Amino acid sequence: MKGVLSALMLGLSCALVSTGDASAQDAEPVGLQRFTAGQEVMRAQLSPQRFTTLAAGLSARINTLSVHEGERFDEGQVLVEFDCGQQTAQLNKANAQLSAAQNQHQGNQHLAQLNAIGQVELRSSEIEIAKARADLAYLQEIRKHCIIHAPFSGRVGEVQVRALQFIQAGQPLLELIDDSTLELEFRVPSRWLSWLQPEYQFEVHIDETERTYPVRLLRTAARVDPISQTIRAIAVIDGHYSELIAGMSGRILLNPPQ
């Protein structure tokens, strides 16, 4: 009887072990099955090749904020428009002062021809014209900041202000991202510099999309980290994929030469 029970227990243990192995195989992460034994796996992050934060060039109230976070925009599109009534009035005043200075100078030229005034007075009127033109140019430059146009096409990363808000000069307004070309940033062992050169082709598996994309190395940094003996590398996704956005991360797949 004891022999029969031992045989039954042995058979049950074998069945449990077999079932456990099958579960472990089923739980293997998606996308790892295609990795070959010689591949090096490193973390990498997508970042835009071109991005900027727009700031206010003057102190004024926002009249119109035409974009929202995540929206797309085209190059040259009006993004922000300020209430520039005060700046416009100052510009009109500067135009009038320039006209007055020019008129005064013309009168002084006529008087100088009649020897009614000296060269000092004539020269002073010329200087007044130069000052008025400088004031006008300054206010015209300020007036250009009343409307902010998109410097390139892309998407709005973050909106840091709202319509009708009074803004101080230099205050951040919008974060703009050009997602037409996305770069990959990652670190590799510095000993790889002997073969990892620009235009080297490999792949990246992005976690968020669970897809693999072709990658081409653009450049490596100019300095090696002496502690970790690694160097920063920058690559670019070959092609345009609408599902990819900045901030996504994944695993770089490389086959170092033997």
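Okay, so let's go over this structure. All values reported here derive from a predicted model rather than from experimental measurement. (Residues numbered from 1 in each chain as written. Predicted model: local features only at pLDDT ≥ 70, side-chain atom pairs only at ≥ 80, totals over all residues. Heavy atoms only, no water.)

Taking 1.5 Å as the rise per residue, helix α2 (residues 85-113) with 29 residues should run 42 Å; its terminal C-alpha atoms sit 43 Å apart, in good agreement. All buried positions along α2 are accounted for by Q87, L91, A94, L98, A101, H105, N108 and A112. Buried positions along α2 lie against β4 (78-83) and α3 (119-144). The positive-phi residue at the C-terminal boundary of α2 is N115, with phi of around 60 degrees. (Helix = DSSP H or I, 4+ residues; strand = E, 2+ residues; numbered from the N terminus. Expected span 1.5 Å × (residues − 1). Buried < 20%, exposed > 50% of the residue type's maximum accessible area, 1.4 Å probe, protein only. Contact = heavy atoms within 4.5 Å.)

Before going further, it helps to examine unusual backbone geometry. With phi around 60 degrees, N115 is a residue other than glycine that occupies positive phi space. When you line up the elements, N115 lands in the loop between α2 and α3. Relative accessible area serves as the criterion here: at 71%, N115 is assigned to the exposed category. One non-glycine residue with positive phi stands out, namely E199, at about 80 degrees. Here E199 shows up in the loop between β8 (172-189) and β9 (201-206).

With seven of its eight residues buried, strand β11 (residues 230-237) lies for the most part within the structure. Here strand β10 (residues 211-220) pairs with β11 via five bridges, running antiparallel. Counterpart to R219 in the pairing with β11 is I234. (Pairing = 2+ DSSP bridges.)

A few words now on the packing of aromatic side chains. Pairs of aromatic rings are described using the distance from one ring centre to the other and the angle between the two planes. Inspection of the entire model under this criterion finds six aromatic pairs. Aromatic side chains W192 and W195 sit 5.2 Å apart centroid to centroid with 45 degrees between the ring planes, which places their arrangement in the tilted category. We note that W192, like W195, is buried. An aromatic cluster is present here, built from F186, W192, W195, Y200 and F202 joined pairwise through their rings. (Phe/Tyr/Trp six-rings, centres within 6.5 Å; stacked < 30°, edge-to-face > 60°.)

Let us look at the pairing of β10. In summary, the side chains of a regular strand alternate between the two faces of the sheet. When β9 meets β10, the two strands line up antiparallel, connected through six bridges. Note that in β10 the partner of E203 across the bridge is P214. Counting the residues between successive antiparallel strands, the hairpin from β9 to β10 contains four residues, one of them, E210, with a positive phi of roughly 55 degrees.

Further remarks concern the pattern of salt bridges. Charged atoms that come close allow side chains of opposite charge to pair. Summed over the entire model, instances satisfying the criterion amount to 13 salt bridges. Put simply, K131 and E128 hold a salt bridge, and the shortest N to O gap is 3.6 Å. On the criterion of helical spacing, the pair formed by K131 and E128 is a turn pair, its members being three residues apart in helix α3. Of the charged contacts, one joins D207 and R251 as a salt bridge, the two residues approaching to 2.9 Å between their closest N and O atoms. Of the two residues, D207 is situated in the loop between β9 and β10 and R251 in strand β12 (residues 249-254); the sequence distance between them amounts to 44 residues. Through salt bridges with shared partners, a single ionic network connects R43, D207 and R251. (Salt bridge = Lys/Arg side-chain N within 4 Å of Asp/Glu carboxyl O.)

Core analysis: the largest hydrophobic core is formed by 24 residues, its most contacted members being L184, F186 and I252. Among the elements of the structure, β1 (40-55), β8, β9, β10, β11 and β12 are those that each provide at least two residues to this core. Counting residues in each nonpolar core, the second largest holds 23 residues, with L65, V80, I142 and I148 among its members. (Core = buried A, V, L, I, M, F, W, Y, C linked by side-chain atoms within 4.5 Å.)

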